[in-house]
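Okay, here's what each chain looks like letter by letter:
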Amino acid sequence: MVGQFLSKDVWQRFVREGVLDPYRLHRNMCESWLRCRKMGVNPYSGNGSEILSGEELRKKKKENATFLEVATPHLKSLYHSVRGTGAMVLLTDEDGYVISAMGVADITKKAKEINFVEGVRWTENEVGTNAIGNALISNEPMLLVGCEHYAVASQDWSCAAAPIHDADGQLRGVIDISGPVEAANVEMLGSVTMTAYAIEQDWRSREQSILLELLRESSALLRHPNVTHTVIIDRKHRIIGVSRDIDWTGSRWFQKPLDWLLAEGYTVAHRQPLASQSPTHGETSPIPYLLGYRVNVLPSKRRVASMDSPYSVYHFPGEVGVSDVFGQLLRDACRVARMDTSVLISGESGTGKELIAKTIHKHSLRSHGPFVALNCGAIPDNLMESELFGYTEGAFTGARKGGYKGKLQQAHGGTLFLDEVEAMPEAMQVALLRVLQEREVVPIGGEKPVALDFRLIAASNRDLWELVKTGQFREDLYYRIHVYPLHVPPLRSRKEDIPHLVRYYCMQRNWPIHMPEEITHRLMNHDWPGNVRELFNVLEQIRIHADGGRPNITHVPQWLEDAYANREDQTPQTKIQDTRVGALSCRQRLQKAAMLQALEQTGGNVTKAAQLLNIPRSTFYRRIRKFGL
């Protein structure tokens, strides 16, 4: 038995007044209670509300077939060891859906009273603080007893849960022991932790065997000279092998997602499963099981066009995406790259103007020369002249011994990139104009002019012509740098590129995860005033909060979650029509009818409608998408 239960008074005081006693509550539990209160989880309920129907549950189990196959023998062994205590053993996937439950009739009957059954989603958002939900969020084993649960439905239970990771270290689910509160025992936590570890070890061994067999199959198949336009991928759609006609990327493709190759300009023509005839674990006779897929790919129209183009060697080091507006920018940059023309790049902060400038330089005739960047807005006015023009030894007090070559001389034979050019003082604008006309510079303290040969690329996040009209920027200099203008579009005008930018960020940070749909939905709904830079900053925060593992909705910065909620709350106040009724179960039709009525009563306000139905707002949003409202 656990020696000391949490007093109900502690729970009641928090529910009534929001007052926590940190000396009696674990840090994870304190944080969870606070999240539940903020999300509006009903502490006087806690019954499971999101339950997969028969077909949906079968689909969910099929998606987790490998997980179930590896875990089931261990679940049975654990169940036999705790059966005498009246406890049940459960397994959930990474989204908190119960995909397996074992228990005697008495305990399963008690569990059914609160909908703690196969198919239910048992997460913090749905039922409040619980061992399964906390293990998913904290990625740590968790034991909760009685009133440590946030909602009363679970306060007659004691639960111990531990996370399970796949061979790549990604969170795949949770194993849980749940039983009567009077049977609570610290050994429960040790049992689930040891079982989770055993499952992980079996999974790792199995995956290594499958990978070795797939590599052998891939090598034998791709060795044949007649095999072309072929890619071998594993069950997670990562590239294991490619045919010789595609192997233009060296070893870069190994274990990259298939989407990476498709982004390079290929389309899938055919996909064929590759099965093994080797015995599976615990079997003596061969039983076919999936190794991966043989995928036949063809160059897309875009790739065929680029292969026939004189610009086919042009490569953008960042993420291209799929938007037409960014594609047009790259085509324009490609055209000007081979010329020696001055370029003016405009665009908001964080859109990647310097990356475009570097790309132009890399594909120019000056690519072997230096790329020298100067942010005019970051240099004080009194240092701008020396930084740009350089100086000779002894030119002024404190001058560097031997003098200093300014950025103009440093860029000789290459490209000079002047960012935030609008911040350049007027005196420096006049001096730069003369350099561009004469193509020579006299360092401070010097007497002889130094010949210069460089290409100028300037950038600004403001409308330079407007500054010209207001007298803040010289018109003659404007016409010198505004020879070939390029505009980098803001991220809000190419939101279709966000999933591709997320994938690119994950690849760059060696973060091999699939971003959950609910997080992607929030990223797609934000306008990103800080553009790509702000997006990457948010992704970095999510990665840190998730400790480099699979993120969930609690890892999203609070300001982004609030912005998403505010936008969702501004639903047009129009009568919502009922559709797709025939495709829903009886229970789902009742849920949908109640939601429609609540939305009409609250004038389309989602937050108030969720409160009216006494369900979390996150659940309400999920059902909106599910029911097509």
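Provided above is the structure to which this section pertains.
Residues numbered from 1 in each chain as written. Predicted model: local features only at pLDDT ≥ 70, side-chain atom pairs only at ≥ 80, totals over all residues. Heavy atoms only, no water.

Moving on, we come to the overall build of the chain. Check the secondary structure of the chain and you find 24 helices and 18 strands. Within the span of the chain, comprising 629 residues, buried residues form 48% of the whole. Counted over contacts in the chain with a minimum sequence separation of 6, partners at least 24 positions apart contribute 65%. Accessible surface, the chain: about 30,500 Å² in total, of which carbon and sulfur atoms supply 51%. (Helix = DSSP H or I, 4+ residues; strand = E, 2+ residues; numbered from the N terminus. Buried < 20%, exposed > 50% of the residue type's maximum accessible area, 1.4 Å probe, protein only. Contact = heavy atoms within 4.5 Å. Areas by Shrake-Rupley, 256 points an atom, 1.4 Å probe, with all protein chains shown as cover.)

In this section: the pattern of salt bridges. Scanning the model with the defined rule gives 26 salt bridges in all. Its salt-bridge partner being Lys61, residue Glu118 comes within 2.8 Å of it at the nearest N-O pair. In this pair, Glu118 is assigned in the loop between helix H5 (105–113) and helix H6 (124–127) and Lys61 in helix H3 (residues 54–63), connecting sequence segments 57 residues apart. For Glu118, a relative accessible area of 28% puts it in the partly exposed group. For Lys61, a relative accessible area of 28% puts it in the partly exposed group. Of the charged contacts, one joins Arg335 and Asp332 as a salt bridge, the two residues approaching to 2.8 Å between their closest N and O atoms. Of the two residues, Arg335 and Asp332 both sit in helix H11 (residues 324–337), three residues apart, roughly one turn of that helix. Judged by relative accessible area, which is 38%, Arg335 ranks as partly exposed. Connected through salt bridges with shared partners, the residues Lys60, Glu63 and Asp93 form a single ionic network. (Salt bridge = Lys/Arg side-chain N within 4 Å of Asp/Glu carboxyl O.)

Now for the packing of aromatic side chains. For the coordinates displayed, the defined rule picks out 16 aromatic pairs. Seen from their ring centres, Tyr391 and Phe396 are 4.8 Å apart, and the 65 degrees between their planes marks the pair as edge-to-face. Their ring planes at 85 degrees and their centres at 6.4 Å tell us that Tyr505 and Trp511 sit as a pair that is edge-to-face. Both residues of the pair, Tyr505 and Trp511, belong to the buried class. The residue whose ring lies beneath Arg37 is Phe14, and the NZ or CZ to ring-centre distance is 5.5 Å. (Phe/Tyr/Trp six-rings, centres within 6.5 Å; stacked < 30°, edge-to-face > 60°. Lys NZ or Arg CZ within 6 Å of the ring centre and 35° of its normal.)

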